[in-house]
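Structural overview
Here is what each chain is made of, one letter per residue.
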Amino acid sequence: MEYVDNSQKRNLIWIALLVIVATVIPFAISSFWLRIVTGVLMWIGLAQSWNILAGYMGYVSFGHGAFFGLGAYVTAIAMSLGVHFIISALIAGVFTAAFAAIIGYPTLRLQGAYFAIATWAFAEAIRQIVLVLPFTGGAYGMRLPPMLNENFFYYMMLLTIIGTVAIAYYLMHKAKFGLKVKAIREEEIAANVLGLDVTRIKISVFALSAFFPGILGGIYAYWITYIHPDSVLAPVIADQMVVMTMLGGLGTIAGPIIGAVVLFMGNRLLWVFWGDTSFYLVLVGLAVALVILFLPSGLVSLVPRLGKKDKPKVDDQPNSSVTEHTK
Amino acid sequence: MATGLNVKNLKVAYGNIEAVHGVSFDVKEGEIVTLIGANGAGKSTILRAVSGMIPIKEGSIEFDGTLTDRLPSHKVTQLGMAHVPEGRGIFTRMSVLDNLKVGAYQRNDKQGIQTDLEMVFELFPRLAERSQQLGGTLSGGEQQMLAVGRALMTGASMLLLDEPSMGLAPVLVESIFEVCIDIREQGKTILLVEQNAAMALAIADRGYVLETGNIALSGQADYLANHPEVSKAYLGGDIA
Amino acid sequence: GGPKQSDDGKNAEAERDYFKVGVITSLSGASVYGGNVTRRGYDLWAETVNAQGGIEIGDKQYKVEMVYADAASDPATGADAVERMVTTDEVDFLFGPYTSGVTLGVAPILEKYKVPMITGSAESPLIWKQKFKYTFGSIPAVDLTGSAPVSTLVNEVEGGAKTIAVIGVNDAFSKATAEAFKANAEQLGLEVVKYDIVPEGTDFTPLVGAIKELNPDVLAVGGHEQTHMEVIKAAKSLGFMPKAFLMHYGITTPDFINNLGTASEYVFGGAVWTSDLEYSDELWGSTKEYVEAAEARWGNMPDYTEAASAATGEVYAAALAEIGAVPPLSEEEREQLVDALENIKVDTFYGPIDFANEGDWYHNNVGLQPLTIQLQNGEQKIVGPSDVKVADPIYPVPGWEER
Amino acid sequence: MDLFFQTLVNGLLIGGIYIAVAAGFTLCFGVLHVIDFAVGEWVMLGAFAVFWLNFFTGVDPLIFLPLIMVLFMIVGYYFQPLLQRVITNQQSNALLMALAFTFGMSILFRGSALTLFGFNQRSLTTFLSGKNFEILGISIPALRFGATVFAVLVTLLFMFLLYKTKLGLAVRAAAERQDVAGLMGIDSSNIARIVYAIYLGLTAMSGTFLGSIFSVHPDMGLRYTLFAFFVVVAGGLGSIQGAILAGIMLGLINSFVAVYVGGQYIFLILFTVLYLILLVAPKGILGKGW
Amino acid sequence: MEPVLAVNSLTHYFGGLRAVHNLNISLRQGVIHGLIGPNGAGKTTAFNLITGVFKPSQGNIEIFGENLVGKPSHYCAKKGIARTFQNLRLFSRLTVEENIRVVQRGQDKNLPEKYRIKQLLKLVGLENSTSNFAGDLPYGAQRRLEIARALAIQPKLLMLDEPAAGMNPSETDDLTRLIRKINEEFSITVLLIEHQMRLVMELCHEITVLSFGEVISRGTPEEIRNDAKVIEAYLGKGVNKLRGNRAKC
Ligand SMILES: Nc1ncnc2c1ncn2[C@@H]1O[C@H](COP(=O)(O)OP(=O)(O)OP(=O)(O)O)[C@@H](O)[C@H]1O
Ligand SMILES: Nc1ncnc2c1ncn2[C@@H]1O[C@H](COP(=O)(O)OP(=O)(O)OP(=O)(O)O)[C@@H](O)[C@H]1O
Ligand SMILES: [Mg+2]
Ligand SMILES: [Mg+2]
């Protein structure tokens with residue numbers, strides 16, 4: 001018991017430190033790097049959201065870019081109607097979550113690769129719809145009123161990301177909900193037969209994993225000031241969520257964070273140093289392939305403490321772990 | 001040249017956990033030898049190691065005079081060993097007939113294959129009825145029949161059977177053991193893992209009792225069948 | 001807001017004896033082709049200027065140093081690139097991206113830091129309607145340039161086209177091109193028998209098949225080089241030959257001609273510049289000399305995008321000379337530079353460059369005359385408007401078999 | 001009426017192109033359970049290989065088809081163990097690992113091609129290029145026709161291989177359970193390498209056709225990854241018959257939508273149809289996918 | 001008293017194959033009912049129909065008088081049906097403890113003593129493996145874990161599909177005791193599929209014999225053991241015949 005308390009205290013100290021560092025970052029680095037860090041944050045959130053679905057529930061979505069893009073468009077449209085940004089971004093999150101719930105109902109009946117491709121197909125369909133709809137600007141894209149305040153966007157991203165990570169951590173590692181989700185990943189039929197409302201759980205997870213990308217899309221839109229189907233609805237957005245998570249470590253909290261930092265930062269660093277030619281792409285590609293080849297459990301496996309799958313401690317009071325989780 | 005199977009000091013590990021701790025045994029040509037032991041004793045692990053499905057950690061395995069412990073499973077199979085794995089390993093997306101044909105993959109004697117196919121169908125008429133059904137949609141017991149049938153199709157000189165009677169109706173359990181006897185009469189060798197130790201010892205020549213990765217006892221089948229501890233632990237007291 | 005560094009940085013930095021010039025363009029991604037074309041133009045300018053000792057300001061010469069960043073055809077990456085150029089690399093001014101999308105993504109950041117950018121491409125009219133103070137463009141928007149070739153085909157050829165089919169790809173530039181073609185055609189009384197905007201990556205055979213059935217006099221296409229090549233290939237493979245093909249950007253690229261061979265012959269296009277024009281120029285001497293230099297450097301005939309990009313540098317040089325600012329430029333000097341750019345009119349090998357100060361083409365170059373060109377014997381010939389043409393338009397054009 | 005038949009023919013021929021890229025891909029998925037993200041880049045590399053061969057020798061690109069096949073089969077045979085390493089790792093989801101790995105490879109290939117060959121558009125001109133012949137007033141583009149015939153022949157050959165030969169039996173067995181296939185005397189790892197080799201050979205060959213029908217450049221692959229996914233999924237992952245049918249169906253939709261509905265809606269309709277197919281027939285239109 | 005489970009003229013087709021035909025079963029509160037029959041007779045299919053995994057082609061399924069046809073599986077579970085699977089379906093990458101916790105309704109500490117994780121695991125002899133991954137357990141242990149997991153939802157009816165498969169006779173005897181205990185101490189009605197007659201004959205109060213999807217016999221163990229039809233179709237003659245066989249050679 002002693003030990004547990006200590007380690008919790010230690011964790012708290014770590015978290016406190018991280019929060020302080022995160023808060024002061026904007027004052028410590030140049031605006032260029034602040035931009036990059038803001039981008040990193042965004043990708044952490046996207047990868048983490050994807051991980052909620054794929055890592056814990058085992059449903060690999062290739063359509064998550066669509067939620068990001070929808071979020072961006074909903075925000076842009078709402079703001080063009082005069083709605084305040086914060087409200088617009090929240091509307092975007094709720095909209096994408098609701099949309100995911102609707103599309104999830106039929107789609108989540110599919111398994112494995114079929115689910116993956118179906119999500120990809122609807123994401124493409126959405127991109128095409130946005131291209132032809134009258135109020136999305138089509139191929140001309142949409143412009144948002146610029147508010148060029150790096151710090152603001154940094155903190156918005158940070159806030160959302162903390163929210164994503166915290167919710168993912170709480171739901172998937174602490175609450176019983178996470179166990180149910182993992183049970184579905186392991187054996188859907190058995191989970192259903194033993195009383196879990198599999199359909200409802202799957203839809204909730206899908207909606208949750210779409211909620212944050214929706215908000216992030218909204219922040220992105222306002223941050224970059226210009227959105228276009230090719231920039232916010234491109235398939236490569238989903239691809240990157242996948243690769244970042246795999247790179248970092250699937251089904252862990254730290255994995256997507258590490259993956260996003262490494263891939264996005266790495267990409268940008270290579271881009272800064274070798275970006276005057278396309279050579280940096282060779283390095284990016286090579287790096288991804290090599291990590292997957294030699295570190296199949298992702299980069300988290302380099303840090304054993306982080307890579308550890310969430311296996312509860314063996315103690316003589318199995319009940320104690322239960323009480324602290326459910327609230 | 002030594003024939004049959006000769007295993008010396010076999011150690012097998014899954015990751016860091018050693019499941020079999022230095023086991024030696026042999027099966028002579030034309031014998032039925034049975035391995036009995038509780039859940040998790042390491043019986044299946046030994047069979048997997050012998051057929052080359054999993055790598056071994058230490059020791060040697062010799063089959064018909066060839067050292068096979070470093071050979072991949074398809075090479076071992078080509079030497080004439082057929083393994084009915086635990087969990088049956090049915091090709092679920094292939095028809096029953098194709099499953100059986102895969103069994104005969106390494107054979108080229110059309111005539112012999114045909115004869116064996118007829119033999120299998122005679123043994124398990126259900127398979128003949130369902131020859132076009134996909135393996136995966138068979139009932140559990142039907143799959144077990146298919147797994148055994150498929151092994152018979154290999155024409156191998158030695159069979160490793162991992163719980164062939166599991167999930168089979170009592171009548172079929174009998175048939176399976178009868179088949180074992182038939183096969184042995186054809187001069188083939190059988191290494192049999194069975195939970196139904198009474199039945200196994202009833203048809204076997206010799207047996208080994210495995211306890212948590214070690215051989216605890218071995219001897220003639222009758223000796224084991226009448227051994228009080230074996231009887232208590234694995235036969236469930238008196239034989240029904 | 002913004003980090004202090006840029007402010008102190010500027011003042012703190014010691015005098016430089018060269019200008020730092022940022023180049024943001026697509027070196028990878030969807031628009032890699034055009035991105036590299038613009039880069040060729042920018043590079044040739046820098047090399048030429050430096051070979052001549054640099055930009056002359058007062059009695060001193062200042063060389064230029066180019067700093068590149070790949071926008072990867074993505075607005076967000078472009079925005080990162082600009083931020084880096086401005087705050088870390090502290091460039092004095094910028095050459096802009098190839099695509100309109102990236103331009104729209106980076107323009108607001110330039111407003112924030114007050115750094116001017118001239119783009120040698122980005123022809124979507126959308127940009128100029130936003131009225132960005134620090135963003136300029138040296139190629140006239142496509143809604144302006146699309147008019148000339150249509151009017152040539154209607155009014156300046158024998159028989160005159162009566163019907164037209166217009167297709168375009170659904171990206172900003174291509175769609176604007178198609179719209180311009182259509183609008184001009186309708187205005188000139190042409191019957192538009194088909195108008196369709198297709199998503200990128202479609203197979204053109206079915207559409208071309210349908211158009212063949214309608215048999216219009218002209219098939220006009222809004223797209224980039226790849227689109228144009230595919231449309232021509234599709235038409236040829238279906239044995240369809242209208243009286244004229246009308247395309248816009250892309251047919252002037254060397255790849256279009258190299259890859260299609262005789263099939264590229266007689267295609268009409270809109271342009272604001274061809275190598276046939278005879279302008280004089282301070283840096284290179286004349287259009288002809290520029291073309292020779294570009295050909296020697298890159299092994300290909302320059303097209304109008306490459307030329308516009310090369311000429312862009314000359315505008316900066318002229319404006320800098322006019323205000324007499326030396327590197328590094330302070331914020332004040334950059335403001336002056338923008339003022340100068342707004343008012344200056346520079347004669348280059350590319351033609352006069354004169355940025356509008358108001359209206360829908362705000363800060364876009366309105367100094368040029370839109371031209372109708374036609375590929376004849378592998379060269380772009382100006383065939384209209386009549387007062388500037390160097391060759392007669394060939395119409396109707398010979399069939400596939402007669403080449 | 002002519003337009004209708006012309007549209008029909010165009011659709012069928014587009015379908016042929018789809019099938020050409022999808023044939024190997026579906027085999028690759030069916031047997032190795034790998035969704036190769038780099039499929040388009042293999043197409044691109046195949047096209048470039050032919051381009052350079054043609055550039056230096058001047059011989060017609062189509063003549064090189066067998067050579068390309070062999071060349072890329074060798075590449076595939078030696079490349080596959082790397083991929084195998086990724087997918088047989090026990091602690092991870094093979095499907096995802098393979099996806100991420102091949103995603104990396106696709107960036108690598110694209111970046112390399114861009115760096116080495118430059119951004120130019122190149123064209124392959126074959127003896128069929130730009131030719132067409134007419135039957136009953138309908139023009140049939142020769143090159144596309146050739147590609148379709150090629151694709152259909154290759155696919156039929158595969159079906160024969162897979163369902164009528166002993167090798168096919170072994171391939172199907174290994175596809176399902178490598179360990180058990182080993183117990184039947186099948187060298188599964190070698191089979192996997194052979195299958196991957198065939199897949200690459202085919203994909204590279206289709207690159208020859210695609211490069212001549214469209215054009216050759218480092219980014220050309222993206223589009224074909226799209227097509228390949230499309231056909232393979234609609235047909236049912238791993239089902240060759242399904243791929244043929246799906247290819248044709250999608251080609252027809254493509255063509256008829258372009259002509260009768262509006263080019264604008266082509267992809268919107270295609271993707272919606274794909275999505276609906278998945279919902280209604282989750283194992284592909286023939287219900288034969290994995 | 002109302003039967004726990006009442007199945008009426010249940011029929012199921014797989015394509016053209018009739019797997020279950022006109023099956024009637026009625027379970028009184030508290031019985032252990034055996035469902036036996038040759039391989040492929042339709043036993044597992046019947047389980048799948050009752051638990052809502054498949055939708056029957058025809059027929060009725062009622063639990064305490066409430067119709068279950070067309071209801072999703074989790075609804076059946078809520079109404080009190082729990083089951084195990086012939087081909088194990090544990091949550092392999094969850095620990096033993098988690099396998100149970102995840103299906104429990106409510107918090108462990110608020111549940112009746114005997115339904116708490118600790119007690120359940122003790123009941124099936126897995127109290128020392130709480131933090132092992134379920135997938136790493138030996139086969140027999142996995143079977144027992146499945147039973148514990150099924151119990152954790154506090155069912156009224158427990159359906160076991162070949163719980164003794166892969167167990168040796170002495171383990172089977174342990175299992176026999178376990179099932180009896182569950183039946184008596186938890187007052188749970190049990191429907192059991194099994195091929196090990198040792199267990200079936202010992203435990204069941206009544207047995208239904210299926211063959212080709214149809215009931216061919218029903219009765220007490222004694223009646224079934226001596227039913228010629230059942231011997232012919234299913235039981236055979238037993239181990240002694242083999243003994244004789246070996247002696248021959
Ligand atoms: N794939 C595996 N990974 C890790 N451990 C394993 C694996 N397979 C078996 N084991 C462990 O190795 C030991 C021996 O298992 P094995 O399957 O050989 O036993 P067995 O005697 O065949 O038991 P059973 O009668 O249940 O089939 C057990 O402790 C088991 O948990
Ligand atoms: N999905 C399916 N498609 C076609 N046939 C099926 C399917 N599932 C089961 N069957 C067939 O239905 C019959 C009944 O199968 P079921 O699994 O219910 O048998 P069982 O009585 O449980 O047998 P066992 O004792 O061997 O487990 C079998 O003949 C089986 O082959
Ligand atoms: Mg075993
Ligand atoms: Mg069964």
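Residues numbered from 1 in each chain as written. Chains lettered and ligands numbered in written order. Predicted model: local features only at pLDDT ≥ 70, side-chain atom pairs only at ≥ 80, totals over all residues. Heavy atoms only, no water.

Another aspect to go through is the overall build of chain A. The number of helices and strands found in chain A is 15 helices and two strands. Taking all 327 residues of chain A together, the buried fraction comes to 60%. The contacts of chain A with a sequence gap of at least 6 include a subset with a gap of at least 24, amounting to 79%. Here chain A has roughly 12100 Å² of accessible surface; of this, 70% comes from carbon and sulfur atoms. (Helix = DSSP H or I, 4+ residues; strand = E, 2+ residues; numbered from the N terminus. Buried < 20%, exposed > 50% of the residue type's maximum accessible area, 1.4 Å probe, protein only. Contact = heavy atoms within 4.5 Å. Areas by Shrake-Rupley, 256 points an atom, 1.4 Å probe, with all protein chains shown as cover.)

Before going further, it helps to spend a moment on the environment of Arg184(B). All names here are of chain B. For Arg184, the location among the structural elements is in helix 7 (residues 170-185). Take Arg184: its relative accessible area is 11%, and that puts it in the buried class. In sequence terms Arg184 and Leu217 are 33 residues apart; their C-alpha atoms lie 24 Å from each other.

A separate point is the sheet that holds strand 7 (residues 158-162) of chain B. All names here are of chain B. Strand order in the open sheet formed by six strands is 6-7-8-3-9-10, and the pairing between neighbours is mixed. On the outer flanks of this sheet lie strand 6 (81-84) and strand 10 (214-220), each paired with one strand and no other. Mean inter-strand twist for the sheet, computed between neighbouring axes without regard to direction, equals 15 degrees. Here strand 6 runs beside strand 7; their pairing, made up of four bridges, is parallel. By the bridge assignment, Met81 is partnered in strand 7 with Met158. Against the sheet, helix 6 (residues 140-153) touches strand 6 and strand 7, its axis set at about 175 degrees to strand 6. (Pairing = 2+ DSSP bridges. Axes fitted to C-alpha atoms, helices over the stretch in contact; angles between N-to-C directions.)

This part covers the site of ligand 1. The immediate surroundings of ligand 1 are formed by 17 residues, with Lys43(B), Ser44(B), Thr45(B), Glu86(B) and Gln195(B) found nearest. Ligand 1 sits at a junction of chains, with neighbouring residues supplied by chains B and E. Note that an oxygen atom of ligand 1 is positioned 3.1 Å from one of the side-chain N or O atoms of Asn39(B). Between ligand 1 and Gly40(B) there is a distance of 2.8 Å, counted from an oxygen atom to a backbone nitrogen or oxygen. When ligand 1 is considered free in solution it has 620 Å² of accessible area, and contact with the protein chains removes 75% of it. Of the residues forming the shell around ligand 1, the biggest block, four residues, is contributed by helix 1 (residues 43-50) of chain B. For the shell around ligand 1, the per-class residue count stands at six nonpolar, six polar and five charged. (Near = heavy atom within 4 Å. Polar contact = N/O pair within 3.5 Å; in protein donor to acceptor, adjacent residues only side chain to side chain. Nonpolar A, V, L, I, M, F, W, Y, C, P; charged D, E, K, R; others polar.)

Neighbouring residues of ligand 2: 22 residues in total, closest Arg130(B), Ser139(B), Gly141(B), Thr44(E) and Thr45(E). In this structure, ligand 2 is bordered by residues of chains B and E. Taking Thr137(B), its main chain carries an N or O atom lying 3.1 Å from a nitrogen atom of ligand 2. Gly42(E) has a polar backbone atom sitting 2.8 Å from an oxygen atom of ligand 2. Out of a free accessible area of 640 Å², ligand 2 has 88% covered by protein chains.

With that settled, consider the coordination of the magnesium ion (ligand 4). Residue and element names in this part refer to chain E. Surrounding the magnesium ion (ligand 4) are the protein donor atoms Thr44 (OG1) and Gln86 (OE1), which sit 1.9 to 2.1 Å from the metal. You can see Thr44 sitting in helix 1 (residues 43-50) and its partner Gln86 sitting in the loop between strand 6 (81-83) and helix 3 (96-101), a full 42 residues away along the chain. In this structure Thr44 comes out as partly exposed when scored by relative accessible area, which is 23%. (Donors = N, O, S within 2.8 Å, 3.2 Å for Na, K, Ca; no water.)

The next thing to look at is the interface of chain E and chain A. At the interface, 35 residues of chain E touch 29 residues of chain A. Counting the surface lost from both chain E and chain A, the interface buries some 2900 Å², and carbon and sulfur atoms represent 64% of this. Put simply, chain E and chain A have two salt bridges between them. The closest approach of N and O atoms between Arg89(E) and Glu187(A), which form a salt bridge, is 3.1 Å. Counting the contacts that link chain E with chain A gives eight residue pairs in polar contact (both at pLDDT 80 or more). Going through the elements one at a time, helix 2 (73-78), strand 6, helix 3 and helix 5 (139-151) of chain E are the ones with two or more residues in the side of chain E that touches chain A. It is helix 2 of chain E that provides the largest number of residues to the side of chain E that touches chain A, a total of four residues. Of the residues that constitute the side of chain E that touches chain A, the class distribution is 14 nonpolar, ten polar and eleven charged. (Buried area = accessible area lost by both parts, 1.4 Å probe. Salt bridge = Lys/Arg side-chain N within 4 Å of Asp/Glu carboxyl O.)

If you look at the biggest cluster of nonpolar residues, it comprises 416 residues, and the most contacted ones within it are Ile227(A), Phe19(C), Phe256(C), Trp273(C), Tyr290(C) and Tyr350(C). In terms of residue count, the dominant contributor to this core is helix 2 (residues 31-57) of chain A (17 residues). Both domain 1 (5-80 + 155-248) and domain 2 (95-154) of chain E contribute no fewer than three residues apiece to this core. (Core = buried A, V, L, I, M, F, W, Y, C linked by side-chain atoms within 4.5 Å. Domains from an automatic or database assignment.)

A word on the pattern of salt bridges. Across all of its chains, the model carries 47 salt bridges over all chains by this definition. Among the ionic pairs, Glu129(B) bridges to Arg126(B), the shortest N-O distance being 3.5 Å. In this pair, Glu129(B) and Arg126(B) are both assigned in helix 5 (residues 125-129), three residues apart and thus about one turn of the helix distant. Ionic pairing is found between Glu146(E) and Arg149(E), a salt bridge with its closest N-O pair at 3.5 Å. With Glu146(E) and Arg149(E) both in helix 5 and three residues apart, the pair spans about one turn of that helix. Residue class for Arg149(E) comes out buried when judged on its relative accessible area of 1%.

On to the coordination of the magnesium ion (ligand 3). Residue and element names in this part refer to chain B. Distances from the magnesium ion (ligand 3) to its protein donors, Ser44 (OG) and Glu86 (OE), fall within 1.8 to 2.2 Å. You can see Ser44 sitting in helix 1 and its partner Glu86 sitting in the loop between strand 6 and helix 3 (96-103), a full 42 residues away along the chain. A relative accessible area of 9% means that Ser44 is categorised as buried. Here Glu86 falls in the partly exposed class, since its relative accessible area comes to 30%.

Residues and elements named next belong to chain B. Read from one edge to the other, the open sheet built from four strands follows the order 2-1-4-5, with strand pairing classed as antiparallel. Because the sheet does not close on itself, it has two edges, and the strands there are strand 2 (17-27) and strand 5 (66-67). Examined bridge by bridge, strand 4 (residues 58-63) and strand 5 share two bridges and lie antiparallel to one another. Each residue of the ladder has a partner; that of Glu62, found in strand 5, is Leu67. Its contacts with the sheet place helix 1 against strand 1 (5-14), strand 2 and strand 4, and it is angled at close to 115 degrees to strand 1.

A few words now on the packing of helix 3 (residues 65-87) of chain D against helix 4 (residues 94-117) of chain D. Residues and elements named next belong to chain D. Orientation of helix 3 relative to helix 4, taken along the N-to-C sense of each, is 135 degrees, at an axis distance of 8 Å. Here helix 3 lies oblique to helix 4, going by the angle between them. Relative to helix 4, the crossing made by helix 3 is right-handed. On helix 4, the residues touching Phe79, Leu82, Leu83, Val86 and Ile87 of helix 3 are Ala94, Met97, Ala98, Phe101, Thr102 and Met105. Here the contact of helix 3 with helix 4 is built from residues that sort into ten nonpolar, one polar and no charged. (Parallel < 35°, antiparallel > 145°, perpendicular 65-115°, else oblique. Left-handed = near helix turned anticlockwise from the far one by under 90°.)

Next up on the list: the arrangement of the chains. One finds no contact between chain A and chain B; the C-alpha atoms of the two approach each other to within 16 Å at their closest. Separated without contact, chain D and chain E have their nearest C-alpha atoms at a distance of 11 Å.

On to helix 2 (residues 32-51) of chain C. Residues and elements named next belong to chain C. With 20 residues, helix 2 ought to run about 28 Å at 1.5 Å a step, and its terminal C-alpha atoms sit 28 Å apart, in line with that. Within helix 2, 17 of the 20 residues are buried, which leaves it mostly tucked inside the rest of the structure. Count one or two residues on from helix 2 and you reach Gly53, which has phi positive near 105 degrees. (Expected span 1.5 Å × (residues − 1).)

What follows covers the interface of chain A and chain D. Reports of interface size often rely on the accessible area that becomes lost once the parts have come together. Across the contact, 39 residues belong to chain A and 45 residues belong to chain D. Taken over both partners, the interface formed by chain A and chain D buries close to 3700 Å², and the fraction arising from carbon and sulfur atoms is 80%. A per-residue breakdown of the area chain A buries against chain D is headed by Tyr114(A), Trp120(A) and Leu293(A), which together make up 19% of the total. In this assembly, chain A and chain D are joined by zero salt bridges.

On the surface, a cluster of positive charge is made up of Arg200(A), Lys78(E), Arg105(E) and Lys156(E). Inspection of the secondary structure assignment puts Lys78(E) in helix 2. For Lys78(E), a relative accessible area of 43% gives the class partly exposed. (Patch = residues over 30% accessible without salt bridge, like charges linked within 9 Å, V, L, I, M, F, W, Y side chains within 5 Å. Lys, Arg positive; Asp, Glu negative; His and termini not counted. Charge placed at Lys NZ, Arg CZ, Asp CG, Glu CD.)

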